[in-house]
There are 2 protein chains.
Amino acid sequence: MKKNEISILGSGLIGSLLSIYLKKRGLDVHVYEKRADNRKGEYKEEGRSINMALSERGWKALEKVGLKEKVLPLTIPMYGRQIHNEHGQTSFIPYGKEGQAIYSISRGKFNQLLMDEAEKAGVNIHFEHRIEDVDLRNFEITVDNPESGLEKISSEVILGADGAYSSLRNAMLKQVRFNYKQEYISHGYKELSIPPTADGEFAMDPNALHIWPRGSFMLIALPNPDKSFTCTLFLPFEGERVCFENIRDEKDVKGVFQTYFDDAYQLMPQLSEQYFSNPTSSLITIECYPWMLNKSLLIGDSSHAMVPFYGQGMNCGFEDCMILDSLIEKIGTSAWELVFAKFQKKRKPDTDAICQLALENFEEMKADVADPKFIIRKKIEAKLHALYPNDWIPLYTMVTFSSMPYSEAYALGKLQQKIMDTVMANPLITQNWDKLDYEDIIDQLDKAKAV
Amino acid sequence: MKKNEISILGSGLIGSLLSIYLKKRGLDVHVYEKRADNRKGEYKEEGRSINMALSERGWKALEKVGLKEKVLPLTIPMYGRQIHNEHGQTSFIPYGKEGQAIYSISRGKFNQLLMDEAEKAGVNIHFEHRIEDVDLRNFEITVDNPESGLEKISSEVILGADGAYSSLRNAMLKQVRFNYKQEYISHGYKELSIPPTADGEFAMDPNALHIWPRGSFMLIALPNPDKSFTCTLFLPFEGERVCFENIRDEKDVKGVFQTYFDDAYQLMPQLSEQYFSNPTSSLITIECYPWMLNKSLLIGDSSHAMVPFYGQGMNCGFEDCMILDSLIEKIGTSAWELVFAKFQKKRKPDTDAICQLALENFEEMKADVADPKFIIRKKIEAKLHALYPNDWIPLYTMVTFSSMPYSEAYALGKLQQKIMDTVMANPLITQNWDKLDYEDIIDQLDKAKAV
């Protein structure tokens, strides 16, 4: 039987980057991927979340293996949220300080680049190898390939970078004392698109993430290098108001878009066609523990799939790779179980925190950002950060533009939220926000932190 | 292909009672059970939770199908908790009013009686039929029998009474938007026994549930008709103090029992032998939703396995059967999906509540009952109940001696808890508890309920 040193399940973004990290440590790395190699023949996206937003944690993990410069040309910086109201008016809320941006990137192209780099480094990616079984007693995986059929492969180490529906996790689920939770939110999503204008330009400002917040639902749009935008419509699956269940024909689609997203609707000539041909997908949160069993480990979405509303799923998975690599650097490759035990212990509180933040940010995106007070709140926090850059770092900044552990950002964010709730309760805040006693707010935070 | 009207997975306590209910509605009922028929040959218990405590909800469900009188002779009433301290001294805390008891019954004998009754009623129980696959698209189950091999069976309705590791639930888990959670507690359990005395009598009072609460761990004992007691030792799996991991040899077992449970130890001549031959089992809580997919439904532990600390797992499962039957009575058997939809909607908040109460009661059993103040608290609540029988019903009584929906009992219990916490904060409560303004406590509860 074939014996691998390292078998990685899944050649997605996380599996590919992880394989590069491990190859650079001198290991023999094999990646098993059920899909065909999409770098051959005509490239086709597969109807799932096409645009990602790269931010600090992701960049840092790419930089450590020398890939930052190669990835940058594939991205478009987005400096803030462009909010569209029902009348087509827009307002811009910056994400951070001047120059700070998150970077729109196509999942497909990015994944191809990472697979190219992995193979260049010497990683073996086995495409069209579906995982049929993971046997954790004998540490054997059974793969199925259309050409060679079923094959058993023995491995010293098995890493599950195989996403929310992980085969490795399914094998762990049958083990005793494996805690597991999968939870779907009531909303689903559908991808649509805004093509370039007739003269080949972006139809809206490309350097922003566009949001049409409508309380119980929303539309967003991210720019692509081909000057189109990928839009994502988030609606409840069922209900009394606007929901997927109630949109049955072209008339319904047009009705919803004309009523709620008219400025976007004017830019979407293929709306109805796309609406009925693209799938409606669901959104899952996964939490589990432990992440390891002997020399196997879950990493990325397989251990902590999150809803996409903080734009951190990929960044968090990349950070997983970097943290795992640091532990391998420190401990070596002769004590995998120790490496994995330290990894899960350190990382679990952080991934719990970002999963929770991602759920909470959905409320902010679909409802709060439409509130004029929300903009005031963001301005106050930005001013606090400008005046006291080390003492008040807005939550979004801690998560997106720093590498502070997510759990610390979460805890600090809760303290800030309490204080800001009091500040915003001031009935004159809209007029007075610029003249607040900012030092006093910082004092309040210091006191809260000391408790 | 064989086509059943009703296929029930599992002939355990819930599956057997459910089959009786459905047979009485004139349906064609087939039960598939992976184990052999344990009524044939010598009976052997299987090392899992042997003693159950039947209470009001269970009795009511048995009574509705005329089985109460047949089950009663198999039971031993337990009127309260007999608490054993480290010095072997005991104190008795009644469960309810005089005459109110929970009833110890052996799982094995009880299950045999229910299977006998099911077969008498015309139910077909297929033993040694392991479920290999549940195909929810075609509504086919694949069973494996040592004699006849693999067989596919088509069903109009599939009911999963197949417990915490349910095959039906595993099939549902792969469906989209199935929310699922499995969580193990840090403690495990091991069954041991106290045999009858030399002159063939019970070694302790048989009409009580015995508890040796030791803070972070405990021992309990329930009486059996053969005058023995079944003991269950609950310990953390690992840790620094007393835990399963740290008990490695006979000396360790004796050390722990002599130190913490000496009075029980004196009654356990086969302790070490049993300790090392009996398995250490884990304790799981399962929550999921929805419970149905088309005409399939999860029932009992398969949808809401709980830890055993409120003695409600079986009672709750029996109540499930009765509630499902009431809906069938009302709606009929031509609209199964409507029956199941109403069942899950009504029942889920209640099973969530009892799962949570079961977790919380572990704290009470292993720690609080040893506190002298706990006894005072129970006495105050008993007196409140005696003075105002309709206005203050202790939580344990609502859960155990009534059929009030668990979710209502839970909510009311939380209000009572808050009020009792204030009452108990009185520094002179030990002396004054009998002279409190009881009417005022009732007023407080009424006010809290009105909010």
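Here the structure is a predicted model, which means the values were calculated and not measured. (Residues numbered from 1 in each chain as written. Chains lettered and ligands numbered in written order. Predicted model: local features only at pLDDT ≥ 70, side-chain atom pairs only at ≥ 80, totals over all residues. Heavy atoms only, no water.)

> When you look at empty space enclosed by the protein in this model, what are you seeing that I'm missing?
It is a probe the size of a water molecule, rolled over the atoms, that shows where empty space is left. All chains considered together, the criterion is met by one cavity of 30 Å³ or more. Estimates place the volume of the largest cavity at around 40 Å³. Of the residues belonging to the lining of the largest cavity, the class tally is four nonpolar, five polar and no charged. (1 Å grid on protein atoms, 1.4 Å probe; cavity = no way out; pocket = protein on both sides within 12 Å on 5 of 7 lines; lining within 4 Å. Points joined across faces, edges and corners; volume = space filled by probe spheres on them. Nonpolar A, V, L, I, M, F, W, Y, C, P; charged D, E, K, R; others polar.)

> For this particular structure, what's the right way to read the pairing of strand 7 (residues 102-106) of chain B?
Consecutive side chains of a regular strand alternate in pointing toward one face of the sheet and then the other. Residues and elements named next belong to chain B. Extensive coverage of strand 7 is indicated by the burial of five of its five residues. Relative to strand 7, strand 3 (residues 51-54) runs antiparallel, the two sharing four bridges. Bridging from a neighbouring strand, Asn 51 pairs with Ser 106 of strand 7. Summarising the sheet, strand 4 (residues 76-78) and strand 7 pair through three bridges and their orientation is antiparallel. Paired with Ile 76 across the strands is Ser 104, a residue of strand 7. (Buried < 20%, exposed > 50% of the residue type's maximum accessible area, 1.4 Å probe, protein only. Helix = DSSP H or I, 4+ residues; strand = E, 2+ residues; numbered from the N terminus. Pairing = 2+ DSSP bridges.)

> How do you make sense of the domain arrangement of chain A when you look at a structure like this?
Often the size quoted for an interface is simply the accessible area lost on bringing the parts together. All names here are of chain A. Considered domain by domain, chain A is made up of domain 1 (2-76 + 104-182 + 285-361), domain 2 (183-282) and domain 3 (371-450). The C-alpha-based centres of domain 1 and domain 2 are spaced at 30 Å. Contact residues are listed per partner, giving 17 residues for domain 1 and 16 residues for domain 2. In total, about 1,400 Å² of surface goes out of reach between domain 1 and domain 2, with carbon and sulfur atoms giving 61% of it. On the surface where domain 1 and domain 2 come into contact, there are one salt bridge. Between Glu 183 and Lys 181 there is a salt bridge, with its nearest N and O atoms 3.4 Å apart. The interface formed by domain 1 and domain 2 holds seven residue pairs in polar contact (both at pLDDT 80 or more) in total. (Domains from an automatic or database assignment. Contact = heavy atoms within 4.5 Å. Buried area = accessible area lost by both parts, 1.4 Å probe. Salt bridge = Lys/Arg side-chain N within 4 Å of Asp/Glu carboxyl O. Polar contact = N/O pair within 3.5 Å; in protein donor to acceptor, adjacent residues only side chain to side chain.)

> Help me understand the state of the cysteines, please; the structure alone is not making it clear to me.
What makes a disulfide is a covalent bond joining the sulfur atoms belonging to two cysteines. Residue and element names in this part refer to chain A. A full pass over the atoms with the stated rule returns zero disulfides over all chains. The thiol of Cys 316 is unpaired, and the distance to the nearest cysteine sulfur, on Cys 355, comes to 7.1 Å. Classification of Cys 316 by relative accessible area gives buried; the value is 0%. (Disulfide = S-S within 2.5 Å.)

> What is the right way to read the packing of helix 1 (residues 13-24) of chain A against helix 4 (residues 107-121) of chain A from this model?
A pair of packed helices can be characterised by two numbers: the angle between their axes and the separation between those axes. Residue and element names in this part refer to chain A. Packing of helix 1 against helix 4 brings their axes to within 9 Å, and their N-to-C directions diverge by 25°. What the angle tells us is that helix 1 and helix 4 run roughly parallel. In terms of crossing hand, the pair formed by helix 1 and helix 4 is left-handed. Facing Leu 13, Ser 16, Ser 19, Ile 20 and Lys 23 of helix 1, the residues of helix 4 in contact are Arg 107, Phe 110, Asn 111, Leu 114, Met 115, Glu 117, Ala 118 and Ala 121. Its residues assigned to classes, the contact of helix 1 with helix 4 shows seven nonpolar, three polar and three charged. (Axes fitted to C-alpha atoms, helices over the stretch in contact; angles between N-to-C directions. Parallel < 35°, antiparallel > 145°, perpendicular 65-115°, else oblique. Left-handed = near helix turned anticlockwise from the far one by under 90°.)

> Got a minute to help me understand the sheet that holds strand 3 (residues 51-54) of chain A in this structure?
What holds strands together in a sheet is hydrogen bonding between their backbones, with the strands either parallel or antiparallel. All names here are of chain A. Ordered by their spatial adjacency, three strands build an open sheet running 3-7-4, and the pairing between neighbours is antiparallel. With one partner strand each, in any of the chains shown, strand 3 and strand 4 (76-78) form the two edges of the open sheet. Sheet twist, expressed as the average angle between the axes of neighbouring strands with direction ignored, equals 35°. Across the sheet, helix 4 touches strand 3 and strand 7 (102-106), and the angle it forms with strand 7 is around 80°.

> Hey, could you run me through the pattern of salt bridges in this one?
Proximity of charged atoms lets side chains of opposite charge pair with each other. A complete count under the given rule lists 55 salt bridges over all chains for this structure. A salt bridge links Lys227(A) to Glu201(A); the shortest N-O distance between them is 3.7 Å. One end of the pair, Lys227(A), is in the loop between strand 14 (218-223) and strand 15 (229-236); the other, Glu201(A), is in the loop between strand 12 (179-194) and strand 13 (209-213), and 26 residues separate them in sequence. Note on Lys227(A): relative accessible area 28%, which makes it partly exposed. One salt bridge connects Glu329(B) with Arg25(B), and the closest N-O pair in it is separated by 3.6 Å. You can see Glu329(B) sitting in helix 10 (residues 313-331) and its partner Arg25(B) sitting in the loop between helix 1 (13-24) and strand 2 (29-32), a full 304 residues away along the chain. Overall, Glu329(B) belongs to the exposed group, its relative accessible area being 51%. Note on Arg25(B): relative accessible area 33%, which makes it partly exposed.

> How should I be thinking about the side chain of Ser16(B) in this particular structure?
Residues and elements named next belong to chain B. With respect to the helices and strands, Ser 16 occurs in helix 1. You can call Ser 16 buried: its relative accessible area is 1%. Of the polar contacts made by the side chain of Ser 16, one reaches the backbone oxygen of Gly 12; its length is 2.9 Å.

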